[in-house]
Amino acid sequence: MAVTTMTYAAAAAAALGAAMRSDDRVVALGEDLGRGGIFSQYRGLVEEFGAERVIDTPISEGTIVGAGVGMALAGLKPVVEMRVADFALCAMDEIVNQAAKNRYMFGGQGRVPLVMRLPIGIWSASAAQHSQSLEAWFAHLPGVVVLCPSTPQQNYSLLRAALRADDPVIYMEHKELWARSGEVDDAAVATIGRAQVLQRGAQLTIVSWSAAVHTALQAAAQLRAEGVQASVIDLVSLWPWDRDTVLTDCARTGALLVVHEAVQAGGFGAEIAATAAEHTRCRVARLGAPRVPVGYAASLEAASRIDAAAVVRAARELLATHAA
Amino acid sequence: MPARDFADRRPFEGDRDLTAATEHLAELYRTMARIRAFEEAAERESIGGVQVLGVTANASAKVRGPLHLSIGQEAVAAGVCAHLQRADLLTSTHRGHGHTLAKGANMRQMMAELFGRAGGSNGGKGGSMHIADFSVGMLGANGVVAAGMPIACGAAHALKIRRLPQLVACFFGDGAINRGPFLEALNWAAVYRLPLLFVCEDNRFSATTESAPMTAGEGAAVRARAIGVPSETVDGNDVAAVSALAQRLIADIRGGSGPRLMHALTWRVKGHVSVDGQAYREADDIAAAQAGDPLRRARDALLAAGTPPEALDRIDAEARAEVDDALRFANQSPPPERAAAFTDVQTLGDGTWR
């Protein structure tokens, strides 16, 4: 047991390494894993565990996921790497019709303990096909767990928890968090489905996940300077999601703002806002990206980013309607 | 002359071999007879069970939804599965009853599954299109063309990593070779040298469309060879020939050869689904498919080899009796409780379905 400072990418490699050391059924497969993965999130693993367990694959996303399903059915616990969530769209049949449905449609005869890593988010200057945040697609899908770690600690503990699960897990790291450093306690155990309340305030509940959590925290600091006390809740897990923590807090504050990097229309923020409105008397608002592809030029990319100033504006507007 | 074909392919050294070969053929015949009887019963129970191709559904059918029959193709399932052991694994297509029965699945539970009953192999959650029996290594039929191929790769990859001696048989149709997973899976199996037998069950139709005008080049075996997977074509209606080829390919695979592909040419006798009257097919095409009936060919060969007709009649009668018993079981099995809709979805978040 140790607390060390490491990056979000290194935390993932450490978590996978620990899981592989303790359980020889755990294997990883995907493109470029033999060189540590394109974001170094598998660094050192092939050297320790060999190419049979850290498997370099052809660029065959459908078969990477489909093979993951078959491996899981035949007694392994595979981790499959999609490198960016956008590429997982080449494997949608395998994710949606095979991994997610297997247990149910075969009447519980099998289990698919498969961790699918689909990094999301704007990755600066990577344009429309390498920047999407599609977590809502998978939260919509019965049969899968959806996780979005925001810190190195979460990336360590949550990946370990995902590897203990017997469900297919859509594990969505954020591409602009790879280099983010933080303390990681390797003894900390994550409970999937539990949100983290990062701060409590009396007037407003801000719910977010993934990289947008850090934006929400910046906004909350600015709001505090203006005299507005906001709770900030990191949802961490989109399915299952921690309704109790969110509903309890927004019932207390009377106002809920959900902030996410994904396109706002049809986003998971709508699910949280609607649930809060159905079950509490709180006012709700959402803040997500406009429904446009992410552009290449910095000025275009900026149009898809949610910054702290935008969160502060949305909070002020919500509280103004709330007061009225 | 089917009998001579059979004799030509299997040179016998003496009466003992002849007896062993005849016994093997009789067992293959039994497997095919069981598949045929099962599917004919399922077909009868399905009439009116689906609204498709201009046919209106009615509520009285016990087998509802799309029912894809492999009538006329039984030799492929029987011949291949005769050389699989219980611990070997199998992935199938939407036309998977034959593969499932030949792999050793329980017929009562299969029929109950087609009826959508709680006593079905999948508890009524899958039906015909998702028929499966994991207890005998049958990892499932699939509603998506070619979707079993990547899963078969993963299962074979796991067997290899786990140093297990089993192999995987992966059935797919001629329509599947025009989907991406065909290319990906063949390449994958060859790259990792997996213990995997690909079986292209070529019934010449992709749903209601003839496959030939939709398929460039020479088809499954040639495409597979281009990827480095040794492939052989066989008369898929000659069960002895299928069995002999499967025996050889499976022996190679068990010996560590890596993947092999069998391209079995057969005929789909029935429509894409049971209510499909096949107005798009020429009468002589359907007649040719019926004329090649693998059961009749095997029967003729057995008779020519001296098997008494009563012995074959008994096999037919036993198959029908088994199906009657399965029908009784399915009829008596209750429908699943509504609450079962919420089970076996996932463990984490169990109950948070809203």
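Residues numbered from 1 in each chain as written. Chains lettered and ligands numbered in written order. Predicted model: local features only at pLDDT ≥ 70, side-chain atom pairs only at ≥ 80, totals over all residues.

## Quick word on the sheet that holds strand β7 (residues 260-265) of chain B
Residue and element names in this part refer to chain B.
Then step 1. One open sheet holds the five strands; their spatial order is β1-β2-β3-β7-β6, and the pairing between them is parallel. Every interior strand has two partners, whereas the edge strands, β1 (89-91) and β6 (231-235), have only one. Mean inter-strand twist for the sheet, computed between neighbouring axes without regard to direction, equals 20°.
Then step 2. Two elements, strand β3 (residues 196-202) and β7, share six bridges in a ladder whose sense is parallel. The residue bridging F198 from the neighbouring strand is L261, located in β7. (Pairing = 2+ DSSP bridges. Helix = DSSP H or I, 4+ residues; strand = E, 2+ residues; numbered from the N terminus. Axes fitted to C-alpha atoms, helices over the stretch in contact; angles between N-to-C directions.)

## Considering the domain arrangement of chain A
Residues and elements named next belong to chain A.
Then step 1. The domains assigned to chain A are domain 1 (3-185) and domain 2 (196-323).
Then step 2. A separation of 26 Å is found between the C-alpha centroids of domain 1 and domain 2.
Then step 3. Contacts between domain 1 and domain 2 engage 25 residues on the former and 21 residues on the latter.
Then step 4. Contributions of two or more residues to the side of domain 1 that touches domain 2 are made by α6 (135-139), β6 (145-147) and α7 (152-164). (Domains from an automatic or database assignment. Contact = placed C-beta atoms within 7 Å.)

## Some points on the pairing of strand β4 (residues 77-81) of chain A
All names here are of chain A.
Then step 1. Along β4, five of the five residues are buried, which leaves the element largely enclosed by surrounding structure.
Then step 2. Residue alternation in β4 divides its side chains into two sets, K77, V79 and E81 and P78 and V80, and both sets are buried.
Then step 3. Here five bridges tie strand β2 (residues 26-30) to β4, and the two strands are oriented parallel to one another. Each residue of the ladder has a partner; that of G30, found in β4, is E81.
Then step 4. The pairing of β4 with strand β5 (residues 115-117) spans three bridges and is parallel. Within β5, the residue paired with E81 across the bridge is R117. (Buried ≥ 20, exposed ≤ 12 C-beta atoms within 10 Å, placed from the backbone.)

## Notes on the pairing of strand β13 (residues 255-263) of chain A
Residues and elements named next belong to chain A.
Then step 1. Across the nine residues of β13, eight count as buried, placing the element largely inside the fold.
Then step 2. Two elements, strand β10 (residues 204-208) and β13, share four bridges in a ladder whose sense is parallel. Residue pairing in the sheet places V207 in a bridge with V258 of β13.
Then step 3. Across six bridges, the pairing between β13 and strand β14 (residues 283-289) is parallel. Bridging from a neighbouring strand, V263 pairs with A289 of β14.
Then step 4. One crossover worth recording links β13 to the parallel β14 by way of helix α10 (residues 268-279), and it is right-handed. (Right-handed = clockwise from strand over helix to strand, strands pointing away.)

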